[in-house]
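# Breakdown of the fold
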Amino acid sequence: MLQQTQVNTVIPYYLRFMDRFPRVTDLASASTDQVLHLWTGLGYYARARNLHDAAKTIVTQHRGRFPSSVLELMQLRGIGKSTAGAIVALAMNTRAPILDGNVKRLLARFHKIEGWPGRAKTNRQLWELAESKLPERDIAKYTQAMMDLGATVCKRSKPACEECPLIDDCEARRHNLIASIPGKKPRKTLPVKSIAMFILQNDAGEVLLEKRPPSGIWGSLWSLPEAAHPQDTIDLPYPGLELKNKRELSKIRHSFTHFHLEIIPVHLCAREKTGAVMDSQSWLWYPLNSSGKTS
Ligand code: SF4
């Protein structure tokens, strides 16, 4: 949960999640909907699917015991080298380097590594430094200290250098380069994609939702039916539905890492004729005043 999200935001989600899934076996046996429901609002839903998948792997391939080496941990979906290093160092007090965003910034400034950390060469340099600095003992304390120093002192903007224990040897400070390290990602113009999303509302005020495929954006989440253009026919497995009062609403723009998505919402009134049958695994009428509980 803490990948890409701050601690204060995560705490209530974490508590609810642990209350519902106290053991890895509870998480492994839950449905995708149950897991995603407890993640609703946190964003980056791939993390939830990865965590769920990792729990299943731990149960089926490791007999419910958490793997203890960086290499084994990296076989679990969603766990990269830095997260694996953090688990090994913090939970098992075993030597392993980490390189999360905060530690990258701290090391880059302290050693005046000027390139963008996303570049392979800069990334390699930072990993070498992270490994070379590892102490022989107290690895958990060292790792926590590096993460905290990066997060609370060597902050992205306005680092609190006067409170930093490394101030005397910091190369970025010595060369007045703090503002430009770490180097910025080269800017490029993101492509814009456009889709129409259909808000089909029935007489009871419910809205029709479709379950998305497991991979791709918003994977496995319930979403409004969509098509390339507002004038397109919606592909509904629901022959007995009469649609009328079509109305285009104002566009919404949502930005992802690799593209901008322009959404054209289209509102339609839907009236059910008799005898209509729906595939309940993939479609549902969602009451707008629902608390959203899943069973
Ligand atoms: S002296 Fe300032 S820039 Fe250097 S490591 Fe400390 S907080 Fe970061």
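From a predicted model like this one, the values you see are computed outputs, not experimental measurements.

Basis of the calculations
- Residues numbered from 1 in each chain as written.
- Predicted model: local features only at pLDDT ≥ 70, side-chain atom pairs only at ≥ 80, totals over all residues.
- Heavy atoms only, no water.
- Helix = DSSP H or I, 4+ residues; strand = E, 2+ residues; numbered from the N terminus.
- Rg over C-alpha atoms; globule rule 2.2 N^0.38 Å.
- Buried < 20%, exposed > 50% of the residue type's maximum accessible area, 1.4 Å probe, protein only.
- Contact = heavy atoms within 4.5 Å.
- Areas by Shrake-Rupley, 256 points an atom, 1.4 Å probe, with all protein chains shown as cover.
- Lys, Arg positive; Asp, Glu negative; His and termini not counted.
- Charge placed at Lys NZ, Arg CZ, Asp CG, Glu CD.
- Near = heavy atom within 4 Å.
- 1 Å grid on protein atoms, 1.4 Å probe; cavity = no way out; pocket = protein on both sides within 12 Å on 5 of 7 lines; lining within 4 Å.
- Sits in = over half its atoms within 2 Å of the grid points.
- Core = buried A, V, L, I, M, F, W, Y, C linked by side-chain atoms within 4.5 Å.
- Domains from an automatic or database assignment.
- Buried area = accessible area lost by both parts, 1.4 Å probe.
- Pairing = 2+ DSSP bridges.

Turning our eyes to something else, we now look at the overall build of the protein. Counting secondary structure elements, the protein contains 10 helices and 8 strands. Against the globule reference of 19 Å for 295 residues, the protein gives a C-alpha radius of gyration of 24 Å, more extended than a compact globule. Projected onto its principal axes, the C-alpha coordinates of the protein cover approximately 75 × 45 × 30 Å. In the protein, which comprises 295 residues, the share counted as buried stands at 37%. Counted over contacts in the protein with a minimum sequence separation of 6, partners at least 24 positions apart contribute 62%. Total accessible area on the protein stands at roughly 18,200 Å², and carbon and sulfur atoms take up 52% of it. Averaged over its 41 positive side-chain charges, the protein has a centre that lies 4 Å from the centre of its 28 negative ones.

Taken together, Leu 106, Arg 109, Cys 154, Cys 161, Cys 164, Ile 167, Cys 170 and Ile 178 are the residues near the ligand. One can see that the ligand is located within the largest cavity.

Core analysis: the largest hydrophobic core is formed by 24 residues, its most contacted members being Leu 99, Val 103, Leu 107 and Leu 126. Secondary-structure elements contributing two or more residues to this core are α7 (101–111), α8 (120–132) and α9 (139–153). Of all the elements, α7 adds the most residues to this core, at 5 residues. Among all residues touching Val 103, those that are not within four sequence positions of it are Ile 98, Met 146 and Met 147.

Our next topic: the domain arrangement of the protein. Partitioning the protein into structural domains gives domain 1 (7–180) and domain 2 (192–287). Using only C-alpha atoms to locate each centre, domain 1 and domain 2 end up separated by 37 Å. On the side of domain 2, 8 residues touch domain 1, which itself brings 5 residues to the contact. Both sides of the domain 1 and domain 2 interface together cover about 450 Å² of buried area, and 52% of this is carbon and sulfur.

Right, let's talk about the environment of Cys 164 for a bit. By secondary structure assignment, the location of Cys 164 is in the loop between α9 and α10 (171–174). Residue class for Cys 164 comes out buried when judged on its relative accessible area of 14%. As a C-alpha pair, Cys 164 and Arg 174 span 10 residues in sequence and 14 Å in three-dimensional space.

Our focus in this paragraph is the pairing of strand β6 (residues 252–255). Bridge analysis of β6 against strand β7 (residues 260–272) gives 4 bridges, and the strand direction is antiparallel. By the bridge assignment, His 254 is partnered in β7 with Leu 261.

So, about the pairing of β7. Within β7, 10 of the 13 residues are buried, which leaves the element mostly enclosed by the surrounding structure. Pairing of strand β1 (residues 192–201) with β7, which is carried by 10 bridges, proceeds in the parallel orientation. Directly across from Leu 200, in β7, lies its bridge partner Leu 268. Taken together, the 6 bridges between strand β5 (residues 241–248) and β7 define a ladder with antiparallel strand orientation. Residue Glu 242 lies in a different strand from β7, and its bridge partner there is Arg 271.

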